[in-house]
Amino acid sequence: MIVLDASFDKSAPRVEESPPADRPEICFAGRSNVGKSSALNVLTRRKQLARVSKTPGRTRLLNFFNVELADRAGPHRRTAQVRFCDLPGYGFARGPKDERRAWGQMIGDYLQKRESLAVVVVLIDAEVGPQPRDFEMMEFLRVSTHPFIIAATKADRLARTRRGAALDRIARDLEVPRESVLAFSSQEDIGWKELWKALCAACGIFGAASDHVLTSEEEAP
Ligand code: GDP
């Protein structure tokens with residue numbers, strides 16, 4: 001997987017103001033500080049790409065990025081366009097009740113109305129495990145039935161021998177199949193390739209196949 005280009009497109013306060021639904025979209029959700037910006041930067045190989053999402057005035061908006069991919073180097077490569085949507089970190093949802101409601105409305109609307117949405121990546125800190133807002137996000141996902149993948153971030157902080165158990169626990173707590181949980185790190189080479197493969201499979205590009213993306217209908221009882 002080669003990222004040919006990645007650039008900020010626009011910010012939108014409501015799904016109705018999103019860019020056109022003209023390519024598969026991958027959205028990223030997670031509480032503030034979970035490592036979402038770092039993951040976006042690592043996935044696109046751009047050191048500062050997601051910084052824009054943290055600039056004043058944009059932290060509570062949907063932030064869109066255009067990403068151009070190639071399946072390999074050389075003249076016979078195939079290319080594809082996808083869009084990333086960086087959802088507001090759940091941090092602001094800790095505020096007053098009306099802010100929490102605004103967050104829920106925005107996420108619910110986005111998941112319900114965004115036609116090009118191909119897959120949702122929910123980031124959970126591998127060490128800390130799911131927090132109350134993560135469970136709320138999963139409820140939104142269950143209702144929407146969009147395919148999703150859980151990226152367990154900062155996996156480098158766990159000894160290799162403890163990673164499997166941490167992922168098992170996340171899957172159990174969230175009541176999702178174990179295959180939907182992937183270890184990821186922005187600091188070490190953990191999960192980058194697997195996550196891209198799963199995302200390409202969900203977007204239907206490059207003929208990629210992956211066991212890691214699941215729809216809520218496929219969930220274990
Ligand atoms: P965001 O608020 O979710 O966008 O989180 P950031 O990407 O800004 O990361 C929050 C903090 O976690 C920063 O201090 C990062 O350096 C750190 N961090 C992010 N990803 C990783 C990771 O994979 N491993 C480790 N050890 N730290 C990370």
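What counts and how
- Residues numbered from 1 in each chain as written.
- Predicted model: local features only at pLDDT ≥ 70, side-chain atom pairs only at ≥ 80, totals over all residues.
- Heavy atoms only, no water.
- Salt bridge = Lys/Arg side-chain N within 4 Å of Asp/Glu carboxyl O.
- Helix = DSSP H or I, 4+ residues; strand = E, 2+ residues; numbered from the N terminus.
- Near = heavy atom within 4 Å.
- Polar contact = N/O pair within 3.5 Å; in protein donor to acceptor, adjacent residues only side chain to side chain.
- Areas by Shrake-Rupley, 256 points an atom, 1.4 Å probe, with all protein chains shown as cover.
- Phe/Tyr/Trp six-rings, centres within 6.5 Å; stacked < 30°, edge-to-face > 60°.
- Buried < 20%, exposed > 50% of the residue type's maximum accessible area, 1.4 Å probe, protein only.
- Axes fitted to C-alpha atoms, helices over the stretch in contact; angles between N-to-C directions.
- Left-handed = near helix turned anticlockwise from the far one by under 90°.
- Contact = heavy atoms within 4.5 Å.
- Nonpolar A, V, L, I, M, F, W, Y, C, P; charged D, E, K, R; others polar.
- Pairing = 2+ DSSP bridges.
- Expected span 1.5 Å × (residues − 1).
- Arc of directions from axis to C-beta.

Caption draft 1: Region of interest: the pattern of salt bridges. Inspection of the entire model under this criterion finds 15 salt bridges. For Arg 31, the salt bridge goes to Asp 125, with nearest N and O atoms at 3.8 Å. You can see Arg 31 sitting in the loop between strand S2 (25-29) and helix H1 (36-44) and its partner Asp 125 sitting in strand S5 (residues 117-125), a full 94 residues away along the chain. A salt bridge links Glu 139 to Arg 142, with the nearest nitrogen and oxygen atoms 3.2 Å apart.

Caption draft 2: Highlighting the site of the ligand. Around the ligand sit 15 residues in total, of which Ser 37, Ser 38, Lys 54, Asp 156 and Ser 186 are the nearest. Contact between the ligand and Asp 156: a nitrogen atom at 2.7 Å from a side-chain N or O atom of the residue. Contact distances for the ligand include 2.7 Å between an oxygen atom and a backbone N or O atom of Ser 186. Burial of the ligand by the protein amounts to 76% of the accessible area it has alone, namely 580 Å².

Caption draft 3: Spotlight on the packing of aromatic side chains. If you walk through the whole model with that rule in mind, you get four aromatic pairs. Geometrically, the ring pair formed by Phe 8 and Phe 65 is edge-to-face, given 5.6 Å between the ring centres and 65° between the ring planes. Residue Phe 8 is located in strand S1 (residues 2-12), and its partner Phe 65 is located in strand S3 (residues 62-70); the two are separated by 57 residues in the primary sequence. Residue classification places Phe 8 among the partly exposed positions, given a relative accessible area of 30%. Residue class for Phe 65 comes out buried when judged on its relative accessible area of 0%. Ring plane angle 65° and centroid distance 4.8 Å describe the contact between Phe 28 and Phe 84, whose orientation is recorded as edge-to-face. Taken as a pair, Phe 28 in strand S2 and Phe 84 in strand S4 (residues 79-86) lie far apart in primary sequence, 56 residues in all.

Caption draft 4: Quick peek at the packing of helix H2 (residues 97-113) against helix H3 (residues 132-144). Where H2 contacts H3, the two axes come as close as 10 Å, and the packing angle between them is 35°. Viewed along their axes, H2 and H3 form a crossing whose handedness is right-handed. Residue-level contacts link Arg 100, Trp 103, Gly 104, Ile 107, Gly 108 and Leu 111 of H2 to Arg 133, Glu 136, Met 137, Phe 140, Leu 141 and Ser 144 of H3. Of the residues assigned to the contact of H2 with H3, the class counts are six nonpolar, three polar and three charged.

Caption draft 5: Quick peek at the environment of Val 82. Residue placement: Val 82 occurs in strand S4. With a relative accessible area of 0%, Val 82 lands in the buried category. Along the chain, Val 82 and Leu 69 lie 13 residues apart, while their C-alpha atoms are 7.7 Å from each other. Beyond its immediate sequence surroundings of up to four residues, Val 82 is in contact with Arg 23, Pro 24, Ile 26, Phe 65, Asn 66, Val 67, Leu 69, Cys 203 and Ile 205.

Caption draft 6: Structural context of the sheet that holds S5. The strand order across the open sheet formed by seven strands is S1-S3-S4-S2-S5-S6-S7, and the pairing between neighbours is mixed. Strands with a single pairing partner mark the edges of an open sheet, and in this sheet they are S1 and strand S7 (181-183). Strand-to-strand twist in this sheet, taken as the mean axis angle between neighbours without regard to direction, amounts to 25°. Helix-sheet contacts for H3 involve S2, S5 and strand S6 (148-153), and the interaxial angle to S5 is about 160°.

Caption draft 7: Here's a closer look at unusual backbone geometry. For Arg 45, which is not glycine, the phi torsion reads 60° and is therefore positive. Relative to the elements of secondary structure, Arg 45 occurs in the loop between H1 and S3. Among the residues examined, Arg 45 registers a relative accessible area of 52% and is labelled exposed. Positioned with a positive phi, Thr 145 is a non-glycine residue whose angle comes to about 60°. Residue placement: Thr 145 occurs in the loop between H3 and S6. Thr 145 gets classed as partly exposed once you look at its relative accessible area, which sits at 35%.

Caption draft 8: Representation of H3. Over its 13 residues, H3 extends 19 Å from the first C-alpha to the last, a length consistent with the 18 Å expected when each residue adds 1.5 Å. Looking at H3, one finds that the buried residues are Arg 133, Asp 134, Met 137, Met 138, Leu 141 and Ser 144. Viewed along the axis of H3, the buried residues span an arc of 145°, placing them on a single side of the element. Residues of H3 that are exposed and point over 90 degrees away from its buried face: Pro 132 and Val 143. Tucked inside the fold, the buried residues of H3 contact S2, H2, S5, S6 and helix H4 (160-174). Count one or two residues on from H3 and you reach Thr 145, which has phi positive near 60°.

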